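Letter by letter, the chains look like this.
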Amino acid sequence: MDLNYSDEEKAFRAEVRSFLAENLPAEVSDKVRRGISLGKEGHEKWHATLNARGWLAYNWPREFGGAEWNAVQRHIFEEECAAAYAPRIVPFGLSMLAPVLQKFGTKEQQDHYLPRILSGDDWWCQGYSEPGAGSDLASLKTRAVRDGDHYVVNGQKTWTTLGQYANWIFCLVRTDPEAKQQEGISFLLIDMTTPGITVRPIVLLDGTPEVNEVFFDDVRVPVENLVGEENKGWTYAKYLLTHERTNIAGVGFSQAGLDAVKRIARIETANGRPLIENPHFAARLAQIEIDLMAMATTNMRIISQAASGQAPGVESSMLKVKGTIIRQEINDLTRRAVGPYAMPFASEAVEGDNAPIGPDYAGPVAAHYFNNRKLSIFGGSNEIQRGIIAKVKMGG
Ligand SMILES: Cc1cc2nc3c(=O)[nH]c(=O)nc-3n(C[C@H](O)[C@H](O)[C@H](O)COP(=O)(O)OP(=O)(O)OC[C@H]3O[C@@H](n4cnc5c(N)ncnc54)[C@H](O)[C@@H]3O)c2cc1C
């Protein structure tokens, strides 16, 4: 295993860096750096910029219009984007649904939906979780009953991220209530404008309506919107989750967050000295930096294995746990660094439409701290990941 970058990879990094320098507007990166929401339009614009360069679908095979980058190229791109404070690529259509359609969809589904994901005509959201089905996803109850050329869907999804922007939702629905839990589930594509769908926002701890409840009341879905075979949806759902967990370590995000907290700690003071010189603060900062370096090395090791054809297994659970702990630690340290400025509850700061209390870097700090409690819950909670690690590594 060679952890050094080849000359070709270094040239690729330079190409990505100069693309970002030329195409990422300063006001956009400034918003991302300060943690201000970009809204639907902001994300769509950035997607269009990447799509014009052929870099939006960098994980897709070329035959579907993707860049088909290898694991190292993807890592370099993600690292450079995080360092430049580029907007994150919204994953639901591009990195979750698309791989499922490419592997299990019909030719008609591929020809119809994939170009619309690239062009931005469709904004997808993920309808997996339900009030009684999160970690125990297979206990989901939303029901789809065949009626001629349609399924009639009734039930409720929840925690649907950015569902308020979406015109399509991919859903796990129960088509056979008699079968064993995992065997009676199907994967349906549902047009959000169909009569009978209600989207209700859930306001999170940070005051933003980032997630939603989605209700289905006799929603008629054409049978051609079924992906793969009826009652085989669990297989496709699991395949999708392996893609949801790419870039799970979030090394670039943590690195950018660490740089930001260092900048703040050079400005803020404690006992008349820059905070960064305070021994307790410096020790905690150093510990996070050491943890991040260790994780980045593990991440590179796994990327290097992936580049030589080995699929990551339990390692992605290890990266999820460690990566999210590090990001939450950075949020906590940043909150402490801005001190009393993190006290006022000013969720509007995330929208960027009011003057922050204190310096501008302090505005969204508290909101981020609260919002990022989610990191250890979604994408498979950290407790569930620890269970997987224990089972695989320790035979528990
Ligand atoms: C901000 C946010 C965005 C989300 N976006 C989406 C989305 O777009 N689409 C979607 O479908 N879902 C989404 N989710 C849902 C997410 O996948 C679930 O929240 C997650 O799977 C946990 O399920 P739950 O919330 O029902 O908690 P539960 O499963 O009820 O768990 C409650 C607690 O018990 C622990 N626990 C549960 N089972 C075990 C076990 N076997 N061993 C040890 N501990 C256990 C959990 O770790 C957790 O701490 C989102 C969640 C959040 C917070």
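Numbering of residues starts from 1 in each chain and follows the order in which that chain's sequence is written. This being a predicted model, a pLDDT of at least 70 is required before a residue's local features are given, and a value of 80 or more before pairs of side-chain atoms are given or counted; all residues contribute to the totals for chains, interfaces and linings. As a rule here, side-chain values come from all non-hydrogen atoms in the structure, and water together with hydrogens is ignored.

J.: Quick rundown of the overall build of the protein? Include the residues and the values.
T.: Of regular secondary structure, the protein possesses 12 helices and 10 strands. What the globule rule says is 2.2 Å times the number of residues to the power 0.38, and the radius of gyration is computed from C-alpha atoms. In summary, the protein has a C-alpha radius of gyration of 22 Å against a globular reference of 21 Å for 396 residues, a match within 12%. Viewed in the frame of its principal axes, the protein has a C-alpha envelope of about 75 × 50 × 50 Å. Buried residues are those whose accessible area, probed at 1.4 Å on protein chains only, stays under 20% of the maximum for their type, while exposed residues exceed 50% and partly exposed ones sit between those limits. Buried residues in the protein amount to 47% of all 396 residues. Counted over contacts in the protein with a minimum sequence separation of 6, partners at least 24 positions apart contribute 73%. For the protein, the accessible area works out to roughly 19,200 Å², and carbon and sulfur atoms hold 52% of it. Only DSSP runs of H or I reaching four residues or more are called helices, and only runs of E reaching two or more are called strands; each is numbered from the N terminus. Between two residues, a contact is recorded if the distance between any of their heavy atoms is within 4.5 Å. Areas reported here follow the Shrake-Rupley algorithm with a probe of radius 1.4 Å; residue values treat only the protein chains shown as occluding.

J.: Explain unusual backbone geometry residue by residue, including any values.
T.: Positive phi, normally seen in glycine, also occurs at Asp-218, with a value near 50 degrees. The backbone of Asn-271 sits at a positive phi, close to 50 degrees, despite the residue not being glycine. Note on placement: Asn-271 falls in the loop between strand S9 (269–270) and strand S10 (273–274).

J.: Any details on the state of the cysteines? Residues and values, ideally.
T.: In this description, the term disulfide denotes a pair of cysteine sulfurs within 2.5 Å. Enumeration according to the criterion identifies zero disulfides in this entry. Here Cys-125 is not cross-linked by a disulfide; its sulfur's nearest cysteine counterpart is in Cys-171, at 7.4 Å.

J.: A description of the environment of Ile-389 should follow, citing residues and the corresponding values.
T.: Considering the arrangement of structural elements, one finds Ile-389 in helix H12 (residues 382–394). Assessed through its relative accessible area of 16%, Ile-389 is described here as buried. Spatially, the C-alpha atom of Ile-389 lies 8.3 Å from that of Glu-315, the residues being 74 residues apart in sequence. With near-sequence residues (within four places) excluded, Ile-389 lies in contact with Val-314, Ser-317, Met-318, Val-321 and Met-394.

J.: Hey, could you go over helix H1 (residues 7–23) for me, with residue numbers and the actual values?
T.: For a helix, the expected span equals 1.5 Å multiplied by the number of residues minus one. Its 17 residues place the ends of H1 24 Å apart at the C-alpha level, agreeing with the 24 Å of an ideal helix rising 1.5 Å per residue. When H1 is considered as a whole, its buried residues turn out to be Phe-12, Arg-13, Val-16, Phe-19 and Leu-20. Projected onto a plane normal to the axis of H1, the buried residues spread over an arc of 125 degrees and lie on a single side. Turned more than 90 degrees away from the buried face of H1, the exposed residues are Asp-7, Lys-10, Ala-21 and Glu-22. Close packing links the buried residues of H1 with helix H3 (39–53) and helix H4 (71–83). It is the directions from the helix axis to the C-beta atoms that the arc portrays.

J.: Provide a residue-level description of the packing of aromatic side chains, including the pertinent values.
T.: Working definition: rings of Phe, Tyr and Trp (its six-membered ring) pair if their centres are within 6.5 Å, and the pair is stacked with planes under 30 degrees apart, edge-to-face with planes over 60 apart, and tilted otherwise. Overall, the coordinates contain 19 aromatic pairs when judged by the stated rule. Between Phe-104 and Tyr-239 the ring centres are 5.4 Å apart and the planes differ by 90 degrees, which places this aromatic pair in the edge-to-face class. Of this pair, Phe-104 sits in helix H5 (residues 91–104) while Tyr-239 sits in helix H7 (residues 233–244); the two residues are 135 residues apart in sequence, bridging distant segments of the chain. On the basis of an interplanar angle of 80 degrees and a centroid distance of 5.2 Å, the ring pair of Trp-123 and Tyr-165 is categorised as edge-to-face. In this pair, Trp-123 is assigned in the loop between helix H6 (107–119) and strand S1 (124–127) and Tyr-165 in the loop between strand S3 (150–157) and strand S4 (168–174), connecting sequence segments 42 residues apart. One aromatic cluster in this structure is built from Phe-12, Phe-19, Trp-46, Trp-55, Tyr-58, Trp-69 and Phe-77. Only Lys NZ and Arg CZ are tested; either one counts as a charge over a ring when it is within 6 Å of the ring centre and within 35 degrees of the ring normal. Lying over the aromatic face of Tyr-151, Arg-146 brings its terminal NZ or CZ to 5.8 Å of the ring centre. Above the plane of the ring of Tyr-369 lies Arg-373, whose end atom (NZ or CZ) is 4.2 Å from the centre.

J.: Could you give me a rundown of H5, with the residues and numbers involved?
T.: The terminal C-alpha atoms of H5, which comprises 14 residues, lie 19 Å apart, in line with the 20 Å expected from a rise of 1.5 Å per residue. Considering bend angle alone, the principal kink of H5 is centred on Leu-97 and spans about 40 degrees; proline Pro-99 follows within four residues of it. Burial of H5 is extensive: 12 of the 14 residues sit out of reach of the surface. All of the buried residues along H5 are Pro-91, Phe-92, Gly-93, Leu-94, Ser-95, Met-96, Leu-97, Ala-98, Pro-99, Val-100, Leu-101 and Gln-102. Bend is computed residue by residue as the angle between axes fitted to the seven residues ending at the residue and the seven residues starting at it.

J.: Tell me about the site of the ligand, and please be specific about residues and values.
T.: For the ligand, the set of nearby residues contains 15 residues, the closest of which are Ser-135, Trp-159, Thr-161, Ser-381 and Glu-383. Within the backbone of Ser-129, a nitrogen or oxygen atom sits 2.7 Å from an oxygen atom of the ligand. Under this definition, polar contacts are N or O atom pairs within 3.5 Å; protein pairs additionally need one hydrogen-donor-capable and one acceptor-capable atom, and for neighbouring residues in sequence, both atoms have to be side-chain atoms. Between an oxygen atom of the ligand and a side-chain N or O atom of Ser-135, the distance comes to 2.6 Å. In the complex, the protein chains occlude 64% of the 970 Å² of accessible area that the ligand would expose alone. Distances are taken per atom, and a residue is near a molecule or strand as soon as one of its heavy atoms is within 4 Å of it.

J.: Go over the side chain of Asn-372, please, and point to the residues and values.
T.: Relative to the elements of secondary structure, Asn-372 occurs in the loop between helix H11 (365–371) and H12. Residue classification places Asn-372 among the buried residues on the basis of a relative accessible area of 12%. Setting aside its immediate chain neighbours within four residues, Asn-372 contacts Gln-328 and Asn-331.

J.: Hey, could you go over the packing of H1 against H4 for me, with residue numbers and the actual values?
T.: In this analysis an axis means a line fitted to C-alpha atoms, helices contributing only their contacting stretch, and an angle means the value between N-to-C directions, from 0 to 180 degrees. Put simply, H1 and H4 touch, their axes get as near as 10 Å, and they point 35 degrees apart. Once H1 is placed against H4, the crossing between them reads as right-handed. In contact with Glu-9, Phe-12, Arg-13, Val-16, Arg-17 and Leu-20 of H1, H4 contributes Val-72, Gln-73, Ile-76, Phe-77, Glu-79, Glu-80 and Cys-81. Along the lines of polarity and charge, the residues of the contact of H1 with H4 split into seven nonpolar, one polar and five charged. Each crossing gets its hand from how the near helix is turned against the far one by less than a right angle, where anticlockwise is left-handed and clockwise is right-handed. Residue classes follow a fixed rule: Ala, Val, Leu, Ile, Met, Phe, Trp, Tyr, Cys and Pro count as nonpolar, while Asp, Glu, Lys and Arg count as charged, and any other residue, Gly among them, counts as polar.

J.: Outline the UniProt feature "domain: Acyl-CoA dehydrogenase/oxidase N-terminal" (unreviewed entry) in the protein, listing residues and values.
T.: UniProt positions are given in the numbering used here, feature names are shortened, and annotations may be inferred rather than shown by experiment. As recorded in UniProt, the sites labelled "domain: Acyl-CoA dehydrogenase/oxidase N-terminal" (unreviewed entry) are residues 6–121. Along residues 6–121 one finds 70% helix and 0% strand; the C-alpha atoms at either end are 38 Å apart.

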